[in-house]
Amino acid sequence: MFQTFKEWFWMEKLWLPPVIKWSDLEDHDGLVFVKPSHLYMTIPYAFLLLIIRYFFEKFVATPLAKAFGIEKAVQKIKPNTILENFFKNSTRQPSHTDIYGLAKKCNLTERQVERWFRSRRNQEKPCRLKKFQEACWRFTFYLLITIAGIVFLHDKPWAYDLWEVWNGYPKQPLLPSQYWYYIMEMSFYWSLLFSLGSDVKRKDFLANVIHHLAAISLMSFSWCANYIRSGTLVMIVHDVADIWLESAKMFSYAGWKQTCNALFFIFSAVFFISRFIIFPFWILYCTLILPLHYLEPFFSYIFLNLQLMILQGLHLYWGYFILKMLNRCVFTKNIQDVRSDDEEEEEEEEEEDTKGKEIDCVKNGVGADRHLIPNGQHCH
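The structure presented is a predicted model; accordingly, all values stated were derived computationally and were not measured.

Asks: Before we move on, could you go through unusual backbone geometry and cite the residues and values that matter?
Replies: For the bond running from Y169 to P170, omega is 0°, close enough to zero to count as cis. Residue position: P170 is located in the loop between helix 7 (128–153) and helix 8 (176–194). With phi around 70°, V19 is a residue other than glycine that occupies positive phi space. Following the sequence through the fold, V19 ends up in the loop between helix 2 (12–15) and helix 3 (42–67). Exposure remark for V19: the relative accessible area of 78% places this residue in the exposed category.

Asks: I'd like a rundown of helix 3, residues and numbers included.
Replies: Its maximal kink placed at E57, helix 3 deviates by approximately 40°. Among the residues making up helix 3, those that are buried are T42, A46, L49, R53, F56, E57, A61, T62 and A65. Buried-residue contacts for helix 3 involve helix 7 and helix 8.

Asks: Give me the lowdown on a nonpolar patch on the surface, citing residues and values where you can.
Replies: There is a patch of nonpolar side chains on the surface, built from I51, Y54, F55, F59 and V60 and spanning about 520 Å² of accessible area. Its location among the elements puts F59 in helix 3.

Asks: Please set out the packing of helix 8 against helix 9 (residues 205–224) residue by residue, giving values where relevant.
Replies: Two elements in contact, helix 8 and helix 9, have axes whose closest approach is 9 Å; the angle formed by their N-to-C orientations is 155°. With respect to helix 9, the element helix 8 is oriented roughly antiparallel. In the packing of helix 8 onto helix 9, the handedness of the crossing is left-handed. Judged by residue contacts, Q178, Y179, Y182, E185, M186, Y189, W190, L192 and L193 of helix 8 engage V209, H211, H212, L213, A215, I216, M219, S220, S222 and W223 from helix 9. For the contact of helix 8 with helix 9, the class distribution of residues is 13 nonpolar, five polar and one charged.

Asks: If you had to explain the packing of aromatic side chains to someone new, which residues and values would you point to?
Replies: Applying the stated criterion across every chain, the model contains 45 aromatic pairs. Here the aromatic rings of F68 and F251 are separated by 5.5 Å at their centres, their planes lie at 85°, and the arrangement is edge-to-face. Linking F68 in the loop between helix 3 and helix 4 (81–89) with F251 in helix 10 (residues 228–254), this pair joins segments that are 183 residues apart in sequence. Residue classification places F251 among the buried positions, given a relative accessible area of 18%. Ring geometry for F271 and F272: centres 5.5 Å apart, planes at 90°, overall edge-to-face. Grouping aromatic residues by their ring pairs yields a cluster made of F5, W8, F9, W10, W15, W22, W166, Y169, F221, Y227, F299 and F303.

Asks: Explain helix 10 to me, using residue names and the numbers behind them.
Replies: A rise of 1.5 Å per residue sets the reference length of helix 10, with its 27 residues, at 39 Å; its end C-alpha atoms lie 39 Å apart and thus fit the reference within 8%. The buried fraction of helix 10 amounts to 25 of the 27 residues, a majority that puts the element mostly inside the structure. The first or second residue beyond helix 10 is G255, which carries a positive phi of 85°.

Asks: Report on the confidence of the model for the chain, specifying residues and quantitative values.
Replies: The share of residues in the chain with pLDDT of 70 or more is 85%, and the mean pLDDT across the chain is 84. The secondary-structure element of the chain with the lowest mean pLDDT is helix 13 (residues 344–363), recorded at 41, while helix 3 shows the highest, at 96. In this model residues 338–380 is a low-confidence stretch, pLDDT under 50, and it forms 98 contacts with partners more than four residues away in sequence or in other chains.

Asks: Give a detailed account of the pattern of salt bridges, specifying residues and quantitative values.
Replies: Under the criterion given, the structure shown has ten salt bridges. The partner of R138 in a salt bridge is E134, with the nearest N and O atoms 3.8 Å apart. Linking R138 with E134, this pair stays in helix 7, spanning four residues, or about one helical turn. The exposure classification of R138 matches that of E134, with both residues buried. The network of salt bridges with common partners includes K130, E134, R138, E246 and K249.

Conventions and cut-offs
Residues numbered from 1 in each chain as written. Predicted model: local features only at pLDDT ≥ 70, side-chain atom pairs only at ≥ 80, totals over all residues. Heavy atoms only, no water. Helix = DSSP H or I, 4+ residues; strand = E, 2+ residues; numbered from the N terminus. Buried < 20%, exposed > 50% of the residue type's maximum accessible area, 1.4 Å probe, protein only. Bend = angle between axes of the 7 residues up to and from the residue. Contact = heavy atoms within 4.5 Å. Patch = residues over 30% accessible without salt bridge, like charges linked within 9 Å, V, L, I, M, F, W, Y side chains within 5 Å. Areas by Shrake-Rupley, 256 points an atom, 1.4 Å probe, with all protein chains shown as cover. Salt bridge = Lys/Arg side-chain N within 4 Å of Asp/Glu carboxyl O. Axes fitted to C-alpha atoms, helices over the stretch in contact; angles between N-to-C directions. Parallel < 35°, antiparallel > 145°, perpendicular 65-115°, else oblique. Left-handed = near helix turned anticlockwise from the far one by under 90°. Nonpolar A, V, L, I, M, F, W, Y, C, P; charged D, E, K, R; others polar. Phe/Tyr/Trp six-rings, centres within 6.5 Å; stacked < 30°, edge-to-face > 60°. Expected span 1.5 Å × (residues − 1). pLDDT = per-residue confidence, 0-100.

The structure is reproduced here in structure tokens:
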């Protein structure tokens, strides 16, 4: 049964243009062609990247965070056996009735019980240092892979003349630079997928899973069907914006509000230019229109463009939230990601706590000022 499925899955009509066979893509005369088996290496390389990331965060990102004044926050709360048992064995979000009963048992006010649970929940939240470490790692990778992409593509004719993308397709040999560019990019997305469980929980968790799987699927398919030239163009167009996003997040976590806002504006400009101008009018034009001058439509051509259109749909999704953040930044002078880090409860609790203090201050005839440190952002 497996053999039957394998034969069906690798049918030439699903992957290659008519009259082209897999035997036409066999290595010969010193020329190497893409093989699906090459992709097996992305899994061990993904685990290697996770190991490198561990040491990078420990020996590079952490000292850098300390230089920015970001320390691992340790929130101390007064030990309370009754409340701790309820927190561990019942619920972390007690109802009003629960709070009333616990307050009676512990001889505390209801507000004191609420604050204890709030502080206890915040103890288990990822600290700002961890968020900085993650952003620093992603910034470093995107910076290096973008530089590598520019080095790999700067002398390639298809980077300047889109007709060259399809010249000789699919009998286009694989270059070493293309191999490493693809393998490292795919390995990185595998590593992000593997680390989702241990990374900071985000409100757009499901969207991130879909994004990573879509990226891996698209790169894998383009590799197997030998759409390498167009694939490298897609990767460079996407990576160039992410550098600015991750750097903005780093400065956001460091509390450098003006620098964060400036970098976020740069990111937004690069994002909208690359995802809403270059991608649809350059990349999609290259993959959707130009091939028809060389070939009749076939399955992998349709499937490739379907995936690229889904990717463009994700661009619209991210763009919506970026516009919301830009609106917030322009009109409230504060960038706060409306969909990213799972800090909503923490911020709401801090706001509630501050309001309580303000009420106390007003009762005593004293004013109170409020200042929020900008939150971080995340977008792919």
